[in-house]
Amino acid sequence: MSKYTDLFAAFFRVGMLGFGGGPSAIPLFEQEAVKKYKWMTSDEFGDTLALANTMPGPLATKMAGYIGWRVNGLPGCLIAIFASVVPTVLLMIILLGVLQQYKDVAWVNGMSDAVVPVVGVMLAILTLDFLKKSGDSLGWLRAVIYTVISIILMEVLEVHPAFLIVAILVLVFLPVKKEGGAK
């Protein structure tokens, strides 16, 4: 029963505090799954996140479902998804109702504007963490080159991120020919 309680509590917290959508909740998922409950290592979390980003649908739901499945199979999956989705739905209904009712009040506008930098900082921390992990696994030169190329492709040339992800997956799975002619 403790696994179910831990799953529910962990993903309920993520659902309640993951303001701004799936990407802003990633550090919260990592805190619960890796640091607090130790359901997976940091590397496994990174792999899970990378895989979840390649599939369609909401990121938070995919992460909750997989981690819940990993902890306790189908029941764990269902509990984790339920715990992460229900708070979001309830809070959205309540918050949007309040915001709509008081949309012309200055403090409501200030509150809405204050959330943006917080989400930005959370995403920046996540980006730096992944860049550090990439530097450790690929080497810093390759990690920086790949990051710069990705930024240029997505921001300057406006290549959709899905095409970049598919291209990287193809490159990763292509056999590399070693020196001397052996694969």
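Each residue is numbered by its place in its chain's sequence as written, counting from 1. Given that the model is predicted, a residue must reach a pLDDT of at least 70 before its local features are reported, and side-chain atom pairs must reach 80 or more before they are shown or counted; all residues, however, enter totals for whole chains, interfaces and linings. The side-chain figures draw on all heavy atoms in the structure; neither hydrogens nor water molecules are used.

### What to know about helix H5 (residues 106-138)
Now for step 1: Secondary structure elements follow DSSP: runs of H or I no shorter than four residues count as helices, runs of E no shorter than two count as strands, and numbering proceeds from the N terminus. Helix span, as expected, comes to 1.5 Å for every residue beyond the first. The end-to-end C-alpha separation of H5 is 48 Å, in line with the 48 Å expected for 33 residues at 1.5 Å each.
Now for step 2: Along H5, the residues that are buried comprise Val108, Val119, Met122, Leu126, Lys133 and Gly135.
Now for step 3: Just beyond H5, the residue with positive phi is Gly139, at close to 100°. Only protein chains enter the calculation, and the probe is 1.4 Å; a residue is then buried if its accessible area is under 20% of its type maximum, exposed if over 50%, and partly exposed in between.

### Section: the packing of helix H1 (residues 2-17) against helix H4 (residues 59-101)
The description of two helices packed together rests on the angle between their axes and the distance between the axes.
Now for step 1: Lines are fitted to the C-alpha atoms to define the axes, a helix being fitted only along its stretch in contact, and any angle between axes, read from their N-to-C directions, falls within 0 to 180 degrees. The interhelical angle for the contact between H1 and H4, taken along N-to-C directions, is 40°, at an axis separation of 7 Å. Considering only the axes of H1 and H4, their crossing is right-handed.
Now for step 2: Residue polarity follows a fixed list, in which Ala, Val, Leu, Ile, Met, Phe, Trp, Tyr, Cys and Pro are nonpolar, Asp, Glu, Lys and Arg are charged, and the others, Gly among them, are polar. Among the residues forming the contact of H1 with H4, the class breakdown is 16 nonpolar, six polar and one charged. For any helix crossing, the convention is left-handed if the near helix is rotated counterclockwise from the far helix by under a right angle, and right-handed if that rotation is clockwise.

### Examining the packing of aromatic side chains
Now for step 1: Stacked, tilted and edge-to-face pairs are distinguished by plane angle, under 30 degrees for stacked and over 60 for edge-to-face with tilted covering the rest, among Phe, Tyr and Trp rings (Trp via its six-membered ring) whose centres lie within 6.5 Å. Taken as a whole and judged by the stated rule, the model has four aromatic pairs.
Now for step 2: Arranged with centres 5.6 Å apart and planes meeting at 20°, the rings of Phe8 and Phe12 form a pair that is stacked. On the criterion of helical spacing, the pair formed by Phe8 and Phe12 is a turn pair, its members being four residues apart in helix H1.
Now for step 3: With a centroid separation of 5.7 Å and an interplanar angle of 45°, the aromatic rings of Phe11 and Phe29 are classed as tilted. Linking Phe11 in helix H1 with Phe29 in helix H2 (residues 22-36), this pair joins segments that are 18 residues apart in sequence. Accessibility classification places Phe11 together with Phe29 in one group, the buried group.
Now for step 4: Ring pairs connect the aromatic residues Phe11, Phe29, Tyr37 and Trp39, which therefore count as one cluster.

### Digging into the pattern of salt bridges
Now for step 1: The rule for a salt bridge is simple: a side-chain nitrogen of Lys or Arg has to be within 4 Å of a carboxyl oxygen of Asp or Glu. Taken as a whole, this structure holds four salt bridges when the rule is applied.
Now for step 2: Here Arg13 and Glu32 are joined by a salt bridge, their closest N and O atoms 2.9 Å apart. Taken together, the positions of Arg13 in helix H1 and Glu32 in helix H2 put the pair 19 residues apart, joining distant regions of the chain.
Now for step 3: Look at Glu32 and you get buried, because its relative accessible area is 8%.
Now for step 4: The shortest N-O distance in the salt bridge between Asp129 and Lys133 comes to 3.3 Å. Note that Asp129 and Lys133 are positioned in helix H5 at a spacing of four residues, about one turn of the helix.
Now for step 5: On the basis of relative accessible area, Asp129 is assigned to the partly exposed category, the value being 21%.
Now for step 6: Each of Glu30, Asp129 and Lys133 takes part in a single network of salt bridges with overlapping partners.

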